[in-house]
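Take a look at the letters that make up each chain.
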Amino acid sequence: MVRVLFLGGLGRSGTTLLERLLGELPGVCPLGEVVHLWERDVAGDERCACGEHFSECGFWREVGEKAFGGWHHVDVWRVLALRHAVERTRHIPRLASVRMSPAHRLLVEEYADWYARLYEAAAVVSGAEVLVDSSKHAALAYCLRFAPGLDLRVAHVVRDSRGVAYSWTKKVTRPETDNAEEMTRYSPGRSALLWNAHNVAFSALHKCGVPVRRVRYEELLEDPGAVLRDLSEFIDIAPGELGFLRDGVAELGPCHSAAGNPMRFTVGPVPLRRDDAWRTALPGGQRRVVSALTAPLLGAYGYRGAR
Ligand SMILES: [Zn+2]
């Protein structure tokens with residue numbers, strides 16, 4: 001069985017930072033957002049977090065060899081077609097249901113099998129006890145339940161919806177592309193609805209038998225050591241001394257995170273500060289819209305000022 005910790009939640013909730021911190025624990029190997037690896041890396045040859053183009057990175061080259069006899073044997077368009085057919089947020093009720101049609105189930109299993117083969121090879125190449133996939137998408141977590149030989153556990157990362165909404169309005173470039181593309185932006189109303197959908201989906205995942213542990217972004221920044229020790233217990237590893245954490249700074253080493261937030265390229269000391277810019281920078285009208293749309297879950301997760 002390959003143990004995989006899947007980081008779930010809406011983007012801009014601190015999943016990349018959490019993945020980087022987990023990657024410093026002994027026996028843990030962060031893979032990045034595997035959901036984007038097929039198109040951006042296997043087909044697009046974007047950059048791995050080590051700085052190399054994907055095709056030049058020794059780690060991923062070995063994983064590709066072991067998993068598929070080389071990445072050229074991966075039918076990226078088949079993987080993307082399967083993803084389109086089964087891994088959509090609106091498909092989650094069907095993925096969670098016991099009455100899935102046999103034909104649809106075959107597609108889900110075929111899709112999940114691509115991930116299972118990649119994880120299995122990554123576990124062998126890295127020698128790690130636990131792999132971290134920070135793909136975030138709830139529908140993918142539901143699909144991975146159908147992967148063979150997988151010990152799937154999910155960390156559900158939640159951040160105040162107003163902070164998430166503000167972050168989605170900002171311009172961020174993607175350094176892994178050679179032509180400096182920008183990351184997607186959403187209006188606050190749109191990100192509030194996505195925030196609800198993703199969080200509801202992760203809150204219900206445990207009913208399908210997948211172990212889920214909730215992590216609040218604000219608590220992670222408040223006391224990263226406590227959150228990492230809690231997650232270590234959740235994934236059955238010994239966290240060690242956490243020597244890379246000191247005085248509000250994390251000392252991050254290099255990794256081979258394959259796709260995701262630009263923060264995956266950062267090596268060296270990283271200040272662990274809560275980003276609360278939204279409290280002053282998110283205009284009042286937008287803030288009220290987001291608060292109103294997300295009030296029930298904000299309250300359930302213990303956030304104040306939801307109304
Ligand atoms: Zn690499």
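Structure: above.
Here the residue numbering is sequential within each chain, running from 1 through the sequence in written order. Per-residue local features are limited, in this predicted model, to residues with pLDDT of at least 70; the limit for side-chain atom pairs, both in listing and counting, is 80 or more; totals at the level of whole chains, interfaces and linings are taken over all residues. In computing side-chain values, all of the structure's heavy atoms are included and hydrogens and water are not.

**Here's the deal with the overall build of the protein**
No. 1: Along the protein, the regular secondary structure elements total 13 helices and 8 strands.
No. 2: Only C-alpha atoms enter the radius of gyration; for comparison, a globular chain is expected to reach 2.2 Å times N to the power 0.38, where N is the number of residues. Taken against the 2.2 N^0.38 rule, which gives 19 Å for 307 residues, the C-alpha radius of gyration of the protein at 19 Å falls within 12% of a compact globule.
No. 3: C-alpha atoms of the protein, sized along the principal axes, occupy 55 × 50 × 40 Å.
No. 4: For the exposure calls, accessible area comes from a 1.4 Å probe over protein chains only, and a residue counts as buried if that area is under 20% of its type's maximum, exposed if over 50%, partly exposed in between. Looking at the 307 residues of the protein, the share that counts as buried comes to 54%.
No. 5: It only takes one pair of heavy atoms within 4.5 Å for two residues to be counted as in contact. In the protein, the proportion of contacts linking residues at least 24 apart, taken out of those at least 6 apart, comes to 76%. We count a stretch as a helix when DSSP gives it H or I for four or more residues in a row; a strand needs E for two or more, and each element gets its number in order from the N terminus.

**What about the coordination of the zinc ion?**
No. 1: The rule for donors is simple: an N, O or S atom within 2.8 Å of the metal counts, and for Na, K and Ca the reach is 3.2 Å. Water is not among the atoms, so a site may look short of donors. Distances from the zinc ion to its protein donors, Cys48 (SG), Cys50 (SG), Cys57 (SG) and His256 (ND1), fall within 2.1 to 2.4 Å.
No. 2: Think of it this way: with four donors and all angles in the 85 to 135 degree range, the site is tetrahedral; with four or six donors, opposite ones beyond 155 degrees and the rest between 65 and 115, it is square planar or octahedral; otherwise it is irregular. Bound by 4 donor atoms, the zinc ion shows angles of 96 to 119° at the metal and therefore tetrahedral coordination geometry.

**Thoughts on the sheet that holds strand 1 (residues 2-8)**
No. 1: When DSSP finds two or more bridges between a pair of strands, those strands are recorded as paired. With respect to topology, 5 strands assemble into an open sheet ordered 2-3-1-4-5, the strand pairing being parallel. Of all the strands in the sheet, just strand 2 (28-32) and strand 5 (212-216) have a single pairing partner and so form its edges. Pairs of neighbouring strands in the sheet enclose a mean axial angle of 25°, with direction left out of account.
No. 2: Of the pairings in the sheet, the one linking strand 1 to strand 3 (residues 130-136) comprises 5 bridges and is parallel in character. Paired with Phe6 across the strands is Asp133, a residue of strand 3.
No. 3: Against the sheet, helix 6 (residues 102-126) contacts strand 1, strand 2, strand 3 and strand 4 (150-158), and its axis sits at roughly 140° relative to strand 3. All axes are obtained by fitting lines to C-alpha atoms, using only the stretch in contact for helices, and the reported angles, taken between N-to-C directions, cover 0 to 180 degrees.

**What about helix 11 (residues 224-234)?**
Residues lying three or four places apart along an α-helix face the same way, a consequence of the helix completing one turn every 3.6 residues.
No. 1: The complete set of buried residues in helix 11 reads Pro224, Gly225, Val227, Leu228, Leu231, Ser232 and Phe234.
No. 2: Close packing links the buried residues of helix 11 with strand 1, helix 1 (15-23), strand 4, strand 5, helix 10 (217-222) and strand 6 (245-246).

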